[in-house]
4 protein chains.
Amino acid sequence: MTDQPRYPTSLGTSSATEIHLLGHDLAEDLMGTVGFGELAFWLVAMRRPSAGEVRVFESVLVALTDHGFTPTAIAARLTDLSAPGALQGAVAAGILGGGSRYLGVTEDTGIFLAQILTEAAQPLPDTEAGWDELAATALRAQRAAGAKVPGLGHPVHKQGDPRTPRLIAIADEEGLHGPHLRLFEALGRMSEPVLGRALPLNGAGVCGAALADLGLPVEMLRGFALLARTAGLLGQIAEERRNPIAPAIYAAVDRNAVYVPPLEPDVP
Amino acid sequence: MTDQPRYPTSLGTSSATEIHLLGHDLAEDLMGTVGFGELAFWLVAMRRPSAGEVRVFESVLVALTDHGFTPTAIAARLTDLSAPGALQGAVAAGILGGGSRYLGVTEDTGIFLAQILTEAAQPLPDTEAGWDELAATALRAQRAAGAKVPGLGHPVHKQGDPRTPRLIAIADEEGLHGPHLRLFEALGRMSEPVLGRALPLNGAGVCGAALADLGLPVEMLRGFALLARTAGLLGQIAEERRNPIAPAIYAAVDRNAVYVPPLEPDVP
Amino acid sequence: MTDQPRYPTSLGTSSATEIHLLGHDLAEDLMGTVGFGELAFWLVAMRRPSAGEVRVFESVLVALTDHGFTPTAIAARLTDLSAPGALQGAVAAGILGGGSRYLGVTEDTGIFLAQILTEAAQPLPDTEAGWDELAATALRAQRAAGAKVPGLGHPVHKQGDPRTPRLIAIADEEGLHGPHLRLFEALGRMSEPVLGRALPLNGAGVCGAALADLGLPVEMLRGFALLARTAGLLGQIAEERRNPIAPAIYAAVDRNAVYVPPLEPDVP
Amino acid sequence: MTDQPRYPTSLGTSSATEIHLLGHDLAEDLMGTVGFGELAFWLVAMRRPSAGEVRVFESVLVALTDHGFTPTAIAARLTDLSAPGALQGAVAAGILGGGSRYLGVTEDTGIFLAQILTEAAQPLPDTEAGWDELAATALRAQRAAGAKVPGLGHPVHKQGDPRTPRLIAIADEEGLHGPHLRLFEALGRMSEPVLGRALPLNGAGVCGAALADLGLPVEMLRGFALLARTAGLLGQIAEERRNPIAPAIYAAVDRNAVYVPPLEPDVP
């Protein structure tokens with residue numbers, strides 16, 4: 001009897017001769033057989049996804065990988081400028097921007113939709129009218145609470161985010177057009193009648209709805225956005241090293257700094 | 001004329017109606033068509049990989065995704081314990097362990113092999129004997145410099161890392177068994193005759209050799225290990241949330257702390 | 001007319017011959033004259049603190065600097081083990097644990113107290129009985145809402161956290177025993193009569209109350225805990241490098257890993 | 001007999017009734033008595049510094065705390081913009097820029113000077129001429145090796161960094177003008193005769209020399225720059241929250257993005 005606890009895991013374990021992952025032989029059963037996106041899904045869902053699920057899942061990752069010069073991409077480039085030789089630091093700095101405002105929308109939308117579906121009368125609607133009614137009720141509740149509706153609206157793509165119809169079409173092709181996506185679409189349809197203006201369904205939101213329809217745990221959805229963004233950050237950092245812009249960004253800010261007296265009095 | 005610089009990029013750009021990535025329409029041309037691993041390769045290499053290249057590339061990612069309770073996995077779990085609600089922080093903490101000692105081997109091996117090949121007489125060997133000679137020269141040089149050979153040896157898999165022959169076989173199947181892998185194999189064969197003991201080719205090293213054979217920039221190879229590990233960290237954190245072990249790890253360390261006077265004198 | 005914005009700041013600016021900080025000459029007016037804790041206070045509060053305020057402020061930082069083998073300290077040590085040569089990564093990994101569960105208490109307490117005081121009838125109480133009444137009302141409201149009271153209770157120091165009376169005494173000596181501390185003390189006194197059990201006032205909480213009494217912005221209080229912890233992490237990492245324990249922590253976890261089948265079915 | 005190791009430490013330990021740090025009672029002996037900078041020194045050096053050592057040490061921290069809109073400050077502001085509510089992430093993103101290029105100079109200079117002094121003939125020089133000779137030899141060796149001399153030269157303060165003479169004066173006042181500073185000054189004097197142009201002694205470098213003269217371990221010097229910068233980052237983030245500029249920085253970069261075809265061919 002020892003005070004040393006045991007640490008259970010269903011993920012990676014290894015012996016001198018074997019490496020196991022998810023209870024399978026990594027070299028024999030997974031390498032060359034299981035795709036990377038497929039493995040990422042499996043590691044979180046603890047079940048191997050179908051080919052159709054993998055296609056929808058990877059479509060979401062592709063949609064979220066890179067959005068050009070986002071604050072996260074700029075932060076990663078500036079960090080690689082000031083701390084070259086520690087790539088992990090530049091990637092981590094970019095990932096740390098994956099919080100509530102931008103990448104968080106995917107998770108927020110998934111959680112919001114899942115909650116409505118959990119509290120909704122069963123069975124769930126099987127007609128568009130039924131979904132619209134459920135959506136209208138939810139929109140009224142958010143408005144009454146003075147709360148925003150996650151996934152609705154976009155600062156740039158005001159006429160609609162091109163990723164949204166495409167992802168819904170892919171989910172449809174794979175027979176994975178489930179209740180979270182249906183409810184999300186209904187929220188879009190009902191935004192004008194209920195909220196008074198037509199709000200586009202943004203890409204981050206539709207990604208959250210699609211991931212929730214895949215049965216992935218909604219409280220982990222931000223993680224998939226971070227995974228996608230990690231690949232995007234590698235592209236940004238590789239480009240920064242080929243053709244640097246961080247020095248020009250830094251110089252443009254520093255050169256245009258203007259000293260202003262503090263807003264609060266500076267009384268010794 | 002303005003002092004505002006322009007910022008060139010070949011990655012993501014967007015307008016009110018379109019989102020482009022790598023010069024392609026994200027929604028129409030990439031989502032549902034390009035795999036996630038394929039896109040990650042493309043973003044760094046700036047060329048779309050072939051199906052065979054994708055299979056080797058994803059095999060490498062799968063090989064590096066999770067190694068169980070590594071220091072990075074433990075750090076991520078402890079961070080999620082102390083800062084719940086900021087998943088990006090737990091992932092970043094894990095990624096920050098992706099430095100020279102563990103995940104760095106992949107990059108170090110790729111850089112080491114690439115350098116030997118660059119400096120080698122052209123054309124490169126076309127026989128095993130030729131590769132062995134090149135490897136023997138490199139091993140002698142490292143020994144003379146008192147330097148380790150990256151990718152050789154493993155603390156656990158002393159009889160050989162099961163990932164190594166598997167990845168070489170996959171590269172072979174795809175016709176991507178190139179000079180970096182050939183040289184790496186030769187280093188393994190010559191380790192006993194030159195260094196006096198047979199050192200296994202470790203998995204992190206063979207991954208570096210395979211990525212270099214794919215023509216990926218060797219100074220970015222650590223980044224792919226970080227990408228793979230990000231997926232592994234999501235699995236670790238999701239498991240931590242389902243079935244926590246971080247509190248027990250913390251308690252086991254804290255409970256067994258022993259105060260010892262400082263090694264150096266504590267003189268006021 | 002250019003599209004280049006100007007970036008106002010009241011902090012650091014420099015020219016070829018001078019470096020200014022907070023509108024003062026860094027070399028002539030601040031170095032050797034202003035203490036480091038004093039400067040940290042000034043940078044956030046935008047006013048130079050008095051000697052008494054500096055003493056209370058630095059007492060808080062000292063109280064929060066190091067708590068031994070916390071999850072943050074262990075994460076930093078493990079990160080320095082796996083990524084040696086990137087000290088900033090090990091420090092950052094430790095800081096990332098400065099979230100809601102542990103270091104967050106300081107800020108949560110400050111915000112909680114400030115809110116009660118803002119909503120309280122003015123003038124604020126001038127008798128212990130008056131503070132107790134205000135505290136009792138707040139405790140009942142938290143209980144009714146099923147919410148915890150930040151700063152009350154401690155897993156280890158059940159009989160009272162030794163930092164609490166000491167910090168209150170220091171604030172008292174400096175004439176800085178203000179309404180946040182008075183309310184916090186009253187919450188402690190009323191916890192038994194209202195909540196049914198005497199809860200100790202923990203050290204993280206009293207630090208938040210004291211910082212709020214110094215007039216520091218409550219939404220930045222977590223930052224001072226992070227600053228203090230950064231110094232603690234340097235001590236932890238320096239000790240790790242002199243006398244490593246991370247390898248033993250890692251080995252103890254890895255050696256005691258037990259594979260368990262996933263809780264959820266693993267159905268292909 | 002158990003397989004559970006013990007974990008020795010000379011830093012923080014606690015029991016139900018006491019909290020110890022560095023072998024002292026935290027509440028009774030340290031809070032209100034020991035300054036924060038003093039404690040940071042003590043935690044790394046494992047000895048309590050004298051009042052003069054504290055003054056020099058805090059002068060270094062003050063010199064390094066904030067340099068305005070550095071890449072690290074911009075990265076922290078952008079991270080707080082995209083992930084509000086996780087202050088630790090914004091601070092960590094800023095700290096991750098504390099690498100070789102900027103904050104690293106302090107450590108690089110300390111290590112460079114310490115190495116010359118270790119290899120120098122003993123006793124060390126006691127005349128300016130003697131220091132100049134030692135410096136000239138070191139400068140010639142660096143030039144022969146094609147290596148830069150850490151701490152020499154500054155992109156902005158070409159006529160001299162105002163922090164340098166001030167810190168030397170403070171060290172002098174405290175009787176802590178030791179061999180690292182003397183050698184550093186000599187390197188400055190000899191840069192013109194040996195390297196052909198007068199290079200100013202930069203502030204980051206003189207800080208490294210002064211910290212080394214305090215007997216702090218040179219391989220930890222970057223850590224003190226990180227500690228100082230953490231306070232500066234709090235100031236930057238607090239200002240960002242009062243008066244945001246990150247949205248304008250982000251917009252200026254995003255608005256001026258120009259798509260350029262990849263440098264490498266994009267061949268499917």
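Everything quoted here is computed from the prediction, not taken from an experiment.

Novice: What should I look at first to understand the overall build of chain A in this one?
Specialist: The helix and strand tally for chain A stands at twelve helices and five strands. C-alpha atoms of chain A, sized along the principal axes, occupy 65 × 60 × 45 Å. Evaluated residue by residue, chain A yields a buried proportion of 63% over its 268 residues. With the model as given, the accessible surface of chain A reaches about 9,300 Å², and the carbon-plus-sulfur share is 55%. Once the 20 positive and 30 negative side-chain charges of chain A are each reduced to a mean point, those two points are 6 Å apart.

Novice: When you look at the interface of chain A and chain B in this model, what are you seeing that I'm missing?
Specialist: When the parts of a complex come together, some accessible area is lost, and that lost area is often used as the size of the interface. Taken together, the contacts link 87 residues of chain A with 87 residues of chain B. Together, the buried faces of chain A and chain B total about 6,900 Å²; carbon and sulfur atoms form 68% of this surface. At the junction of chain A with chain B, the criterion picks out zero salt bridges. No other element matches helix H11 (residues 221-242) of chain A, which puts 16 residues into the side of chain A that touches chain B. Taken together, the residues of the side of chain A that touches chain B sort by class into 44 nonpolar, 27 polar and 16 charged.

Novice: Please clarify how helix H3 (residues 51-64) of chain C should be interpreted in this entry.
Specialist: Since the α-helix advances by 3.6 residues per turn, residues separated by three or four positions end up pointing in the same direction. In this model H3(C) runs 20 Å from its N-terminal to its C-terminal C-alpha over 14 residues, within 8% of the 20 Å that 1.5 Å per residue would give. Across the 14 residues that make up H3(C), a large majority, twelve, are buried.

Novice: Even after reading the chapter, I still don't get the relation of the copies chain A and chain B, so can you show me in this structure?
Specialist: These two copies of the chain differ by a rotation about an axis and a displacement along the same axis. Screw-axis analysis of chain A against chain B gives a translation of 0.0 Å along the axis, an RMSD of 0.0 Å, and a rotation angle of 180°. What the rotation and shift describe, once combined, is the action of a two-fold rotation axis. Identified as the residue of chain A closest to the rotation axis by C-alpha distance is Ala92(A), at 2.4 Å. In this assembly, 100% of the residues forming the interface of chain A have copies in chain B that are likewise at the interface, indicating an isologous arrangement.

Novice: Honestly, the environment of Gly203(A) in this entry has me stumped. Any pointers?
Specialist: Residue and element names in this part refer to chain A. Summarising the element assignment, Gly-203 is placed in helix H10 (residues 203-213). By relative accessible area, which is 0% here, Gly-203 ends up buried. Those residues in contact with Gly-203 that sit more than four places away from it in its chain are Asp-161, Arg-163 and Thr-164.

Novice: Would you take a moment to explain the interface of chain D and chain B for this structure?
Specialist: Taken together, the contact pairs 34 residues of chain D with 34 residues of chain B. Of the roughly 2,600 Å² buried between chain D and chain B, counting both surfaces, carbon and sulfur atoms make up 57%. Our count for the chain D to chain B interface comes out at zero salt bridges. Split by residue class, the side of chain D that touches chain B holds 21 nonpolar, eight polar and five charged. Sheet topology note: the strand S1 (residues 7-9) of chain B/strand S5 (residues 257-259) of chain D ladder contains three bridges and is parallel. Its bridge partner being in S5(D), Pro8(B) is matched across the sheet by Val258(D).

Novice: Help me out: how do you make sense of the packing of helix H6 (residues 104-119) of chain D against helix H7 (residues 128-144) of chain D in this one?
Specialist: How two helices pack is summed up by the angle between their axes together with the distance between the axes. All names here are of chain D. At a closest axis distance of 11 Å, the pairing of H6 and H7 adopts a crossing angle of 115°. Judged on the interaxial angle alone, H7 and H6 are roughly perpendicular. In this structure, H6 crosses over H7, and the sense of that crossing is right-handed. Contacts from Phe-112, Ile-116 and Leu-117 in H6 reach Trp-131, Leu-134, Ala-138 and Gln-142 in H7. When grouped by side-chain class, the residues that make up the contact of H6 with H7 number six nonpolar, one polar and no charged.

Novice: Mind showing me how you'd approach the relation of the copies chain D and chain B here?
Specialist: Take chain D, turn it by 180°, move it 0.0 Å along the axis, and it overlays chain B with an RMSD of 0.0 Å. Comparing interface residues between copies, 100% of those in chain D also lie at the interface in chain B; the contact surface is shared.

Novice: What is the right way to look at the domain arrangement of chain A in this model?
Specialist: Residues and elements named next belong to chain A. Looking at chain A, the domain boundaries give domain 1 (21-99 + 221-243) and domain 2 (104-218). Here the C-alpha centre of domain 2 lies 25 Å away from the C-alpha centre of domain 1. Around 1,800 Å² of area is buried between domain 1 and domain 2 when both sides are counted, 71% of it from carbon and sulfur atoms. On the surface where domain 1 and domain 2 come into contact, there are two salt bridges. In this structure, Glu-173 and Arg-55 form a salt bridge, with 2.9 Å as the shortest nitrogen-oxygen distance.

Novice: Is there a simple way to explain the confidence of the model for chain A in this structure?
Specialist: Fine structural detail should not be taken from predicted coordinates in areas where pLDDT scores are low. Overall, the prediction assigns chain A a mean pLDDT of 93, with 96% of residues at 70 or greater. We note a pTM of 0.96 for the whole complex and an ipTM of 0.95 for its interfaces.

Novice: What am I meant to see in the pattern of salt bridges here?
Specialist: Once their charged atoms are close, side chains differing in charge can pair, the charge on each being opposite to the other. Residues and elements named next belong to chain D. Summed over the entire model, instances satisfying the criterion amount to 44 salt bridges over all chains. The partner of Glu-53 in a salt bridge is Arg-47, and the shortest N-O contact between them spans 2.7 Å. Assessed through its relative accessible area of 11%, Glu-53 is described here as buried. Put simply, Arg-189 and Glu-128 hold a salt bridge, and the shortest N to O gap is 3.7 Å.

Novice: What exactly am I supposed to notice about the packing of aromatic side chains here?
Specialist: In this description, an aromatic ring pair is defined by two values, namely the gap between the centres and the angle between the planes. For the coordinates displayed, the defined rule picks out ten aromatic pairs over all chains. With 6.2 Å between their ring centres and 15° between their planes, Phe36(C) and Phe36(D) make a pair best called stacked. Of the two residues, Phe36(C) sits in helix H2 (residues 36-45) while Phe36(D) sits in helix H2 (residues 36-45), which places them in two different chains. Of the two residues, Phe36(C) and Phe36(D), neither departs from the other in class, the shared state being buried.

Novice: I keep staring at the side chain of Glu38(B) and nothing clicks. Help me out?
Specialist: Within the secondary structure, Glu38(B) sits in helix H2 (residues 36-45). Not counting residues up to four positions away in its chain, the partners in contact with Glu38(B) are Thr33(B), Arg48(B), Pro49(B), Val54(B) and Glu58(B).

Novice: Hey, could you run me through helix H8 (residues 163-173) of chain D in this one?
Specialist: Among all positions in H8(D), only Arg163(D), Thr164(D), Arg166(D), Leu167(D), Ile168(D), Ile170(D) and Ala171(D) are buried. Lining the buried residues of H8(D) we find strand S3 (19-21) and helix H1 (26-30) of chain C together with helix H3 (51-64), helix H9 (179-195) and helix H10 (203-213) of chain D. Two residues or fewer after H8(D) comes Gly175(D), characterised by a positive phi angle close to 65°.

Novice: Looking at this structure, how should I read unusual backbone geometry?
Specialist: It is generally the case that most residues other than glycine have a negative phi and that most peptide bonds are trans. Following Gln122(B), the chain continues into Pro123(B) via a peptide bond in cis, with omega recorded as -5°. By secondary structure assignment, the location of Pro123(B) is in the loop between helix H6 (104-119) and helix H7 (128-144). The phi dihedral of Leu22(C) is positive, around 60°, even though this residue is not glycine. Considering the arrangement of structural elements, one finds Leu22(C) in the loop between S3 and strand S4 (24-25). Overall, Leu22(C) belongs to the buried group, its relative accessible area being 3%.

Novice: How do you make sense of the sheet that holds S3(C) when you look at a structure like this?
Specialist: Either a parallel or an antiparallel arrangement is found when strands of a sheet pair, and the pairing is made through backbone hydrogen bonds. Residue and element names in this part refer to chain C. An order of S2-S3-S4 is seen for the three strands of this open sheet, with the pairing classed as antiparallel. Because the sheet does not close on itself, it has two edges, and the strands there are strand S2 (12-14) and S4. Looking at chain direction, S2 and S3 are connected through three bridges and run antiparallel. Bridge pairing links Ser-14 to Ile-19 in S3.

Novice: What is the right way to look at the sheet that holds strand S4 (residues 24-25) of chain A in this model?
Specialist: Across the sheet, three strands lie side by side as S2-S3-S4 (chain A); this open sheet has antiparallel pairing. Every other strand in the sheet has two partners, leaving strand S2 (12-14) and S4 of chain A as the edge strands with one partner each.

Novice: Just to check I follow, could you spell out the environment of Pro162(D) for this structure?
Specialist: Inspection of the secondary structure assignment puts Pro162(D) in the loop between H7 and H8. Each C-alpha atom, one on Pro162(D) and one on Asn202(D), is 8.6 Å from the other, the two residues being 40 residues apart in sequence. For Pro162(D), the residues in contact, after removing those within four places along its chain, are Thr17(C), Glu18(C), Ile19(C), Ala27(C) and His157(D).

Thresholds applied
- Residues numbered from 1 in each chain as written.
- Chains lettered and ligands numbered in written order.
- Predicted model: local features only at pLDDT ≥ 70, side-chain atom pairs only at ≥ 80, totals over all residues.
- Heavy atoms only, no water.
- Helix = DSSP H or I, 4+ residues; strand = E, 2+ residues; numbered from the N terminus.
- Buried < 20%, exposed > 50% of the residue type's maximum accessible area, 1.4 Å probe, protein only.
- Areas by Shrake-Rupley, 256 points an atom, 1.4 Å probe, with all protein chains shown as cover.
- Lys, Arg positive; Asp, Glu negative; His and termini not counted.
- Charge placed at Lys NZ, Arg CZ, Asp CG, Glu CD.
- Contact = heavy atoms within 4.5 Å.
- Buried area = accessible area lost by both parts, 1.4 Å probe.
- Salt bridge = Lys/Arg side-chain N within 4 Å of Asp/Glu carboxyl O.
- Nonpolar A, V, L, I, M, F, W, Y, C, P; charged D, E, K, R; others polar.
- Expected span 1.5 Å × (residues − 1).
- Least-squares fit on C-alpha atoms with pLDDT ≥ 70 in both.
- Pairing = 2+ DSSP bridges.
- Axes fitted to C-alpha atoms, helices over the stretch in contact; angles between N-to-C directions.
- Parallel < 35°, antiparallel > 145°, perpendicular 65-115°, else oblique.
- Left-handed = near helix turned anticlockwise from the far one by under 90°.
- Domains from an automatic or database assignment.
- pLDDT = per-residue confidence, 0-100.
- Phe/Tyr/Trp six-rings, centres within 6.5 Å; stacked < 30°, edge-to-face > 60°.

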